[in-house]
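Breakdown of the fold
Given next are the chains, with one letter for each unit.
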Amino acid sequence: MISLEDWALIRRLVADGVPQRQVARDLGIARDTVAAAVRSDRPPKYQRRPQETSFSPFEARVRALLAEHPSMPATVIAERVEWSGSITWFRENVRRLRPEHRPVDPADRLTWAAGDAAQCDLWFPPRKIPREDGNHVLLPVLVIVAAHSRFVTARMIPTRKTEDLLLGSWELIQQLRAVPRRLIWDNEPGIGQKGRLAQGVSAFAGTLATKVVQLRPYDPESKGIVERRNGWMETSFMPGRTFASPVDFNTQLADWLERANGRVVRTIKARPIDLIEHDRSRMLPLPPVPLQLGWRERARLGRDYYVRLDASDYSVDPQAIGRMVDVTADLDRVRVRLDGRIVADQRRIWARGAVVTDPAHRETAKLLRQQVQQPRPAAVDTDLTRDLADYDRAFGIEGVA
């Protein structure tokens, strides 16, 4: 077999009019080799002759199973075809054949009109954040990207529950200062699954006059913009940073996003900060009425004068014991109201299982407890004068002169 350089030289000499016999004599190769090089339409490539292996007798049956069930595990296929050799060798061959039998799923190039859509996702930074109890945990970051301008907004939130997802979404939409006509989500449980929205999401969308779109499984290209931004934050924002708390994380992230939105995006050859005004002009206006979002619960306050929210307990004014109170919470504060009057207003704790006590509530409880424990003085009647008519009634002589 001749080398690639000899093949190229033979074709160039023959193309210049040098006889094939002279080319063979000058290069010291056979004339048949020269003729074959002239006739070939592709460079020479060494290929080993296919050899029979222990897998060869099973290949046809494996292909038949993969054609009908492309995702069948290799161990199941080995059992069906009665393979008795090395399972590692069998897996390697199944891995080689499987791509030929998978259905083709082409991905379209999508275009995004101004104001039409925002892609939403949860990003989990690859670093644990300290909470109030000293534990370090992975916390979700809600990311919303305006699809046309690529303008990024993001915020760390306490949980993946619907209440916190809607609170975070509303805060980020307010940063956009307009409402995208569609909010594109994957099957996040807090938003909805299998085409059904979670409780409260439809009311949220209706108040904003927008539409929440749930993507079908295996449709990553429809949310590729926000996925790439997640990877970008992981490689550009996270390295070299330390975080003292979720509040510290959000502060640093907000500062970084101001600079990040001023960088040129390669795919659109523009800066998001320059395109956001045009994007915003095609969006819907913010609703004129305040949104009823967050955690809401009505409960009777027990003797221990605490209410529970997201696995943490918060103290309430003990004077409300036994009364029905309204508990509300957003991403930052927990408030308790009695007949519209605030009887507790405390910072929300991200740690689970925490007990938050207001010193004023403890002092009030102490005074109320002392009042109950002190014996009440018995009332003594010092007037010993009795009406004589009482004796007449007692002896049945009432009315006798």
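Above: the structure in question.
Along each chain, residues carry numbers from 1 onward, in the same order as the chain's sequence is written. Under the rules for a predicted model, residues below a pLDDT of 70 receive no local features and side-chain atom pairs below 80 are neither given nor counted, while totals for whole chains, interfaces and linings still include all residues. The side-chain quantities take in all heavy atoms of the structure and omit both hydrogens and water.

Quick word on unusual backbone geometry
Positive phi values are uncommon outside glycine, yet Lys194 reaches one of about 55°. Position of Lys194 relative to the elements: it lies in the loop between strand 7 (192–193) and strand 8 (196–197). Although it is not a glycine, Ala311 adopts a positive phi angle of roughly 70°. By definition, any uninterrupted DSSP run of H or I lasting at least four residues is a helix, any uninterrupted run of E lasting at least two residues is a strand, and each is numbered from the N terminus. Its location among the elements puts Ala311 in the loop between strand 11 (306–309) and strand 12 (312–315). The class of Ala311 is partly exposed, set by a relative accessible area of 25%. Between buried and exposed lies partly exposed: a residue is buried under 20% and exposed over 50% of the maximum accessible area for its type, with that area taken using a 1.4 Å probe on protein chains only.

A word on helix 9 (residues 224–237)
With 14 residues, helix 9 extends 19 Å from end C-alpha to end C-alpha; this agrees with the ideal 20 Å at 1.5 Å per step. Among all positions of helix 9, only Gly224, Ile225, Val226, Arg229, Asn230, Met233 and Phe237 are buried. The contact criterion used throughout is that any non-hydrogen atoms of two residues lie within 4.5 Å. Structurally, helix 9 contributes buried residues whose contacts are with strand 1 (117–123), strand 4 (141–146), strand 5 (152–156) and helix 10 (246–260). Each residue after the first adds 1.5 Å to the expected span of a helix.

A few points about the pattern of salt bridges
Here, a salt bridge means any Lys or Arg side-chain nitrogen found within 4 Å of an Asp or Glu carboxyl oxygen. As enumerated under the stated definition, the model contains 24 salt bridges in all. Between Arg333 and Asp345 there is a salt bridge, with the nearest N and O atoms lying 3.2 Å from each other. Separated by twelve residues along the polypeptide, Arg333 in strand 14 (residues 333–338) and Asp345 in strand 15 (residues 341–347) bring together distant segments of the chain. Arg333 gets classed as partly exposed once you look at its relative accessible area, which sits at 28%. What makes Asp345 partly exposed here is its relative accessible area of 35%. When the shortest N-O distance is used, the salt bridge between Asp345 and Arg335 registers 3.6 Å. You can see Asp345 sitting in strand 15 and its partner Arg335 sitting in strand 14, a full ten residues away along the chain. Assessed through its relative accessible area of 24%, Arg335 is described here as partly exposed. Via salt bridges that share partners, Lys161, Asp164, Asp310, Arg348 and Arg352 belong to a single interconnected network.

A look at the environment of Val325
You can see Val325 is positioned in strand 13 (residues 324–329). Overall, Val325 belongs to the buried group, its relative accessible area being 0%. A C-alpha to C-alpha distance of 37 Å links Val325 and Pro125, two positions 200 residues apart in sequence.

Regarding the packing of helix 9 against helix 10
All axes are obtained by fitting lines to C-alpha atoms, using only the stretch in contact for helices, and the reported angles, taken between N-to-C directions, cover 0 to 180 degrees. Contact geometry of helix 9 with helix 10 gives a least axis separation of 12 Å together with a crossing angle of 105°. Classified by the angle between their axes, helix 9 and helix 10 sit roughly perpendicular to one another. Within the contact between the two elements, helix 9 uses Trp232, Met233, Ser236 and Phe237 and helix 10 uses Phe249, Gln252, Leu253, Trp256 and Ala260. All residues other than Ala, Val, Leu, Ile, Met, Phe, Trp, Tyr, Cys, Pro, Asp, Glu, Lys and Arg, Gly among them, are scored as polar; the first ten of these are nonpolar and the last four charged. Grouping the constituent residues of the contact of helix 9 with helix 10 by class yields seven nonpolar, two polar and no charged. An angle counts as roughly parallel when it lies under 35 degrees, as roughly antiparallel when it exceeds 145, as roughly perpendicular when it falls between 65 and 115, and as oblique in every other case.

Describing the sheet that holds strand 13
Reading across from one edge, 10-13-14-15 is the order of the four strands in this open sheet, with antiparallel pairing throughout. Looking at strand neighbours, the two that pair on one side only are strand 10 (295–300) and strand 15, the edges of this open sheet. Averaged over all adjacent pairs, the angle separating strand axes in this sheet is 20°, with direction ignored. In this scheme, strands are said to pair when DSSP sees at least two bridges between them. Judged from the six bridges that link them, strand 10 and strand 13 form a sheet pairing that is antiparallel. Residue pairing in the sheet places Arg296 in a bridge with Thr328 of strand 13.

Quick word on the pairing of strand 1
Counting buried residues in strand 1 gives seven out of seven residues, a clear majority hidden from the surface. Of the two faces of strand 1, the one holding Ala117, Gln119, Asp121 and Trp123 and the one holding Ala118, Cys120 and Leu122 are both buried throughout. Direction of pairing for strand 1 relative to strand 6 (residues 182–185): parallel, over a ladder of three bridges. Across the sheet, residue Gln119 finds its bridge partner in strand 6, namely Ile184. In this sheet, strand 4 lies alongside strand 1 in antiparallel orientation, the contact comprising six bridges.

Purely spatial values, then, with no claim about function.
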